[in-house]
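Structural description and commentary
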Amino acid sequence: MEYVLVNAYSIFPIIQKGVCSMSLLKVEELSKLYDGETRVLKNVSFEANAGEFLSVIGPSGAGKSTLLRCINRMVEISGGKVKFDGIDVGAMKKKELRKLRTNIGMIFQHYNLVPRLTVIENVLHGRFGYKSTLQGVLGRFTEEEKERAFFLLQKLGISEHAYKRCDQLSGGQQQRVGICRALIQEPKLILCDEPIASLDPNSSKVIMDYLKTISTELGITCIVNLHQVEVAKEYADRIIGLKEGEIVFDGPSKVLYRDQIEHIYGIESRELITV
Amino acid sequence: MNEKRMHAKKWQTTFFLIIIIVVTYLSTSITNFNLIDGMLTIPAAIGWMFSNLLITQDSIAKMPQILEKLGETIFMSIAATTLAAVVSLFLALMGSKTTKVNQFFSVIARFIASFSRNIPVVAWSLILLISFGQNSMTGFLALFVATVGFLTRAFIESVDEANQSSVEALTATGATYFHIVSKAVIPQSLPQMLSWILFMIETNIRSATLVGILTGTGIGYMFDLYYKNMNYNVVALITFTIVIAVIVIELLSNKIRKVIL
């Protein structure tokens, strides 16, 4: 692979080689209601192991984004449990929740960078979870953190843009900044919400290759929401198919066949998918 | 059917025109205002302005004094605006939907804003004149209070308009409330806020003259003094310097705005 993050273990002392393959994330009977009536998720259960590359597919409105946001509790959980490293996410208090979020990186469809700030500033934002309020507000980052930020930018091939404002970058470059921001958190899990939905095919490939490298080389679990079934089949170890808030498929990507795809997306969309 | 409606519309227009004419006639007859008489006095008024409001050699001698008072007024406006901006920033962060701490403080911040905004600056200076007396503090406070009202409202809108997605991203990294406000919300809304502050400085320099007349401070007081002494030559010079100052400041702030936006 072209984009190998060499020496990754020396920069991430937390992550050790050969992480035991116990389950990192356990979702049990998770359900989510909006406004007390609209059921977005119904009894969703699955497990994710350390270093696994998991893809969640399904039509728009199936609850993919909500599922991801329940894992780091960006939305409140209505029923069931989410266990991260054996600890119940739903019962966490503010301080514990903050600690949880430092362990979970997040990548968004629209990159969600601060457009008026520079690339390096945006990358360093990923360290806020480890900072006291005063340190963060004053922007006190250690030399080590700054070096690491540059190292990551270099690895993702955008170090020459470090001092540019983010709104001057292309979509693919912005998404790479987003990945750097997630990686500098030293996460155990990265949640990707439609990371390539606003990118062209070339940039999409680059981004997906990086995400794959992150899971294989650094042993970071990746849960990636995707629209494109073909992409999911190519990259993911395992695919979860979500339809109207329920899991209708959960298995290795090799065994996801056409009839199951049709079941997930509904028969009408068949032509569009296969194009 | 269509034709009928068109006719009805035509009649409506005529009807409203008649109403407006009647209302105008009634109000002029109640207030004894005669439009034609009023128009006829305009040439005379212009003639008076040209013969009396002349800048003479004598009035030029007052220039240093005028400039000193003008400077005082300008600096008071800037001080009142910048101080008000600091207070408004806190009120706006509390009042905005996206950064509010809780509903209670949000309502209070919005109430303070609309209360101080809806009382005009002239009314504020008269109210404060009674309690603080005739000094520059009164003028300063009047400008300050009115500015807080306006800027809070404007800042709330700037904060609300700021892109929510980066707030979401920073929350997901485990950033605290103050991290998010200082590194995601403020950087995004700062150019707009600065633009509002510049606008308010301009406005305040204009209203400072009026407030000065009422509270007896700055260039407004000087204007009032010479006006009442019927020394119209100096009045003309004062007016002229105010106009120049306002234009210069407007040009300056337009330049600054271009740089920051």
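Residues numbered from 1 in each chain as written. Chains lettered and ligands numbered in written order. Predicted model: local features only at pLDDT ≥ 70, side-chain atom pairs only at ≥ 80, totals over all residues.

1. A few points about the overall build of chain B
Rules: A run of H or I in DSSP becomes a helix once it reaches four residues, and a run of E becomes a strand once it reaches two; helices and strands are each numbered from the N terminus. Radius of gyration: over C-alpha atoms. The globule rule applied is 2.2 Å multiplied by the number of residues raised to the 0.38 power. Once C-beta atoms are placed from the backbone, each residue is buried if 20 or more other C-beta atoms lie within 10 Å of its own, exposed if 12 or fewer, and partly exposed for counts between those two. Two residues qualify as being in contact provided that their C-beta atoms, derived from the backbone, are within 7 Å of each other.
Helix and strand counts for chain B stand at 11 helices and zero strands. Order of helices (α) and strands (β) in chain B, N terminus to C terminus: α-α-α-α-α-α-α-α-α-α-α. Over its C-alpha atoms chain B spans a radius of gyration of 25 Å, topping by over 25% the 18 Å that the globule rule assigns to 261 residues. The proportion of buried residues among the 261 residues of chain B is 36%. Taking all contacts inside chain B whose residues are at least 6 apart in sequence as the whole, residues at least 24 apart take part in 72%.

2. Digging into unusual backbone geometry
Residues and elements named next belong to chain A. We note that E29 has phi near 50°; this positive angle belongs to a residue other than glycine. Mapped onto the elements of the fold, E29 is located in strand β1 (residues 23-34). Given 12 C-beta atoms within 10 Å, E29 falls into the exposed group.

3. As for the interface of chain A and chain B
The extent of an interface is frequently quoted as the accessible surface area lost upon association of the parts. This is how the line gets drawn: Three categories are distinguished: nonpolar for Ala, Val, Leu, Ile, Met, Phe, Trp, Tyr, Cys and Pro, charged for Asp, Glu, Lys and Arg, and polar for the others, with Gly belonging to the last.
The interface is formed by 22 residues belonging to chain A together with 19 residues belonging to chain B. Listing elements by their share of the side of chain A that touches chain B, those giving two or more residues are α3 (94-103) and α5 (133-138) of chain A. Looking at side-chain class alone, the side of chain A that touches chain B contains nine nonpolar, 10 polar and three charged residues.

4. Here's the deal with the nonpolar core
The test is simple: Residues of type Ala, Val, Leu, Ile, Met, Phe, Trp, Tyr and Cys that are buried and joined through C-beta atoms within 7 Å form what is called a nonpolar core.
Within the largest apolar cluster, 138 residues are counted, with the highest numbers of intra-cluster contacts made by V123(A), C180(A), C222(A) and I238(B). In terms of residue count, the dominant contributor to this core is helix α9 (residues 177-215) of chain B (15 residues). Among residues more than four places away in sequence, those in contact with V123(A) are A149(A), L152(A), L153(A), V177(A), C180(A), R181(A) and I184(A).

5. Concerning the environment of R238(A)
Residues and elements named next belong to chain A. Tracing the sequence through the fold places R238 in strand β9 (residues 238-243). Sequence separation between R238 and I223 is 15 residues; the distance between their C-alpha atoms is 9.8 Å. Ignoring sequence-local partners within four residues, the contact set of R238 consists of E52, L54, G251, P252 and S253.

6. Looking at the domain arrangement of chain B
To be explicit about the condition: Here the bounds of each domain stem from an automatic or database domain assignment.
Segmentation of chain B into domains returns domain 1 (2-52) and domain 2 (59-260). Computed from C-alpha atoms alone, the centre-to-centre distance between domain 1 of chain B and domain 2 of chain B is 37 Å.

7. Observations regarding the pairing of β1(A)
All names here are of chain A. As a reminder of what qualifies: A pair of strands is labelled paired if DSSP reports no fewer than 2 bridges between them.
The pairing of β1 with strand β2 (residues 38-49) spans eight bridges and is antiparallel. Residue S23 lies in a different strand from β2, and its bridge partner there is N49. Counting the residues that bridge the hairpin from β1 to β2 gives three residues, and of these D35 lies at a positive phi of roughly 55°. In this sheet, strand β4 (residues 79-84) lies alongside β1 in antiparallel orientation, the contact comprising five bridges. Across the sheet, residue S31 finds its bridge partner in β4, namely G79.

8. Notes on the UniProt feature "transmembrane region" (unreviewed entry) in chain B
Residue and element names in this part refer to chain B. What counts, and what does not: UniProt positions are given in the numbering used here, feature names are shortened, and annotations may be inferred rather than shown by experiment.
Mapped onto this structure's residue numbering, the UniProt feature "transmembrane region" (unreviewed entry) falls at residues 12-30, 36-55, 75-95, 107-130, 137-156, 208-227 and 233-252. For residues 75-95, the helix share is 100%, the strand share is 0%, and the end-to-end C-alpha distance is 29 Å. This span, residues 137-156, is 100% helix and 0% strand, and a straight line between its end C-alpha atoms measures 28 Å.

9. Section: the pairing of β9(A)
Two faces belong to every sheet, and in a regular strand the side chains alternate between them. All names here are of chain A. Within β9, five of the six residues are buried, which leaves it mostly tucked inside the rest of the structure. Where strand β3 (residues 53-57) lies against β9, four bridges are found, and the strand directions are parallel. Each bridged residue has a counterpart across the sheet, and for L54 the counterpart in β9 is R238. Alignment of β9 against strand β10 (residues 246-252), held across six bridges, turns out to be antiparallel. Paired with I240 across the bridge in β10 is D250. Hairpin connection between β9 and β10: a loop of two residues separates the two successive antiparallel strands, and E244 in this loop has a positive phi of roughly 45°.

10. Topic: helix α7 (residues 171-183) of chain A
All names here are of chain A. Short version of the rule: Working rule for helices: expected span equals 1.5 Å times residues minus one.
Spanning 13 residues, α7 covers 18 Å between terminal C-alpha atoms, matching the ideal 18 Å at 1.5 Å per step. Burial runs high along α7: 11 of the 13 residues are buried. Looking at α7, one finds that the buried residues are Q173, Q174, Q175, R176, V177, G178, I179, C180, R181, A182 and L183. On the buried face of α7, the contacting elements are β6 (104-107), α4 (119-124), α6 (143-155), β7 (189-193) and α8 (201-217).

11. So, the UniProt feature "domain: ABC transmembrane type-1" (unreviewed entry) in chain B
The sites that UniProt annotates as "domain: ABC transmembrane type-1" (unreviewed entry) are residues 70-253 of chain B. Taken as a whole, residues 70-253 of chain B contains 88% helix and 0% strand, while its terminal C-alpha atoms sit 18 Å from one another.

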